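So the chains spell out like this:
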Amino acid sequence: MKKATLLVSFGTSYRDAAQKSLDCICRDLEKVGDGVPVYQAYTSGMIVEKLSGQGVKIHTVDEAIHIMIEKHITNLYVVPSHMIPGIEYQKMVCAIEKYRPAFEELKIASTVLQEKEDCVEVAKLLCDILQFRPEYAYVLMGHGTEDKANIRYQQMNEAFRQLGIENVHIASVEAKPDIEDIIRVMKIKNLAKKVILHPFMVVAGDHARNDMAGEADSYAVKLKEAGYQVKTLVKGLGEYPEFRKIYTDKFCNL
């Protein structure tokens, strides 16, 4: 029996962001796995290609699986870093499942927000990690997807309300609710004019640096134009040890 763990993420072209989050998740997985080797793969072909042009080799899911087979891995445990079970997660599952006959045991962990019920637990965890203060409004920026799994962002907002927290909102870059939706809600609620922006993403990569904190057409710019004072925290959730525990717990429960 020969075991291996594969951490799969969408990926990032920002190596410093990957080192602060994804690489740390790998080390945590190695620790709880008693030395079982951990490999990485990205689902974004565009990012893999971009990194390759910079001389950085990151495997696609298919490439990583072929390496596992070449190394005669018999038991493979896949841990996705994805927040929701959207298109990228579904692509990953489909890519891996076709190799199931090559392994004696193949297990795939769920996403952070696999089910609606996960939202309240993650909301509680974020309260502990980020220590939301009443004198600020908080906007956490998620990715968004065309898939039905996008409902998790709204369910996260509902989870905060369920906990009695009115000053924290999730918005997404590529779907609803977006920043314009959140600004309208904040104005209706007459929330604090000081806003803290933080990624609702594992990695603080391109979206966090440009779509959230950038100087053109970003969340920060739109909030300032709406009359808010804005502070941006460009820090991926994967940089917090308490959040990374989600992944090690999932691995231990496979």
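In case you missed it, the structure is sitting above this.
Residues numbered from 1 in each chain as written. Predicted model: local features only at pLDDT ≥ 70, side-chain atom pairs only at ≥ 80, totals over all residues. Heavy atoms only, no water.

1. Observations regarding the packing of aromatic side chains
Taken as a whole, this structure holds six aromatic pairs when the rule is applied. A ring pair is formed by Y77 and F251, whose centres lie 6.1 Å apart and whose planes are at 90°; its orientation type is edge-to-face. Placement of Y77 in strand 4 (residues 75-80) and of F251 in helix 11 (residues 241-252) is noted, with a sequence separation of 174 residues between them. Neither residue differs from the other here; Y77 and F251 are each classed as buried. Within the aromatic cluster, the residues linked to one another by ring pairs are F132, Y136, Y138 and F160. (Phe/Tyr/Trp six-rings, centres within 6.5 Å; stacked < 30°, edge-to-face > 60°. Helix = DSSP H or I, 4+ residues; strand = E, 2+ residues; numbered from the N terminus. Buried < 20%, exposed > 50% of the residue type's maximum accessible area, 1.4 Å probe, protein only.)

2. Points about the sheet that holds strand 7 (residues 168-172)
Whenever strands of a sheet pair, they do so through backbone hydrogen bonds, lying parallel or antiparallel. Taken in spatial order, the four strands line up as 7-6-8-9 in an open sheet, and their pairing is parallel. Looking at the sheet topology across the chains shown, the edges are occupied by strand 7 and strand 9 (229-232). For this sheet, the mean inter-axis angle between neighbouring strands, taken without regard to orientation, is 25°. The pairing of strand 8 (residues 194-199) with strand 9 spans four bridges and is parallel. Across the sheet, the residue bridging to I196 is K231, located in strand 9. Packing against the sheet, helix 8 (residues 179-189) makes contact with strand 6 (137-142), strand 7 and strand 8, and its axis sits at approximately 155° to strand 7. (Pairing = 2+ DSSP bridges. Axes fitted to C-alpha atoms, helices over the stretch in contact; angles between N-to-C directions. Contact = heavy atoms within 4.5 Å.)

3. Observations regarding the nonpolar core
In terms of nonpolar packing, the biggest core is built from 50 residues, with L126, F132, L140, M156, F160, F200 and F243 touching the most fellow members. In terms of residues, this core owes the most to one element, helix 6 (residues 118-130), which gives nine residues. When neighbours within four sequence positions are excluded, L140 is seen to be in contact with L126, L130, F132, F160, V168, H169, I170, A171, H198 and F200. (Core = buried A, V, L, I, M, F, W, Y, C linked by side-chain atoms within 4.5 Å.)

4. A short note on the side chain of R244
The residue R244 is located in helix 11 in this model. Beyond its immediate stretch of four places on either side in the chain, R244 contacts S21, C24, I25, D28, G238 and E239.

5. A look at the packing of helix 2 (residues 22-32) against helix 11
Remark: helix 2 packs on helix 11, axes separated minimally by 9 Å, with the N-to-C direction vectors making an angle of 40°. The two elements helix 2 and helix 11 meet at a crossing, and its hand is right-handed. In this structure, helix 2 uses C24, I25, D28, L29 and V32 to contact helix 11, whose residues at the interface are R244, Y247, T248, F251 and C252. A class-by-class count of the residues in the contact of helix 2 with helix 11 yields seven nonpolar, one polar and two charged. (Left-handed = near helix turned anticlockwise from the far one by under 90°. Nonpolar A, V, L, I, M, F, W, Y, C, P; charged D, E, K, R; others polar.)

6. Observations regarding the sheet that holds strand 5 (residues 105-108)
Judged by pairing direction, the sheet is parallel, and its five strands sit side by side in the order 3-2-1-4-5 without closing on themselves. Edge positions in the open sheet fall to strand 3 (59-60) and strand 5, since each of these has one partner strand only. The sheet contact formed by strand 4 and strand 5 spans four bridges and is parallel. Bridge pairing links V78 to I108 in strand 5. Together, strand 1 (3-9), strand 4 and strand 5 form the strand contacts of helix 5 (residues 87-97), whose direction differs from that of strand 5 by roughly 175°.

7. Brief notes about the pattern of salt bridges
Applying the stated criterion across every chain, the model contains 17 salt bridges. The shortest N-O distance in the salt bridge between E180 and K222 comes to 3.1 Å. Taken as a pair, E180 in helix 8 and K222 in helix 10 (residues 219-225) lie far apart in primary sequence, 42 residues in all. Judged by relative accessible area, which is 33%, E180 ranks as partly exposed. (Salt bridge = Lys/Arg side-chain N within 4 Å of Asp/Glu carboxyl O.)

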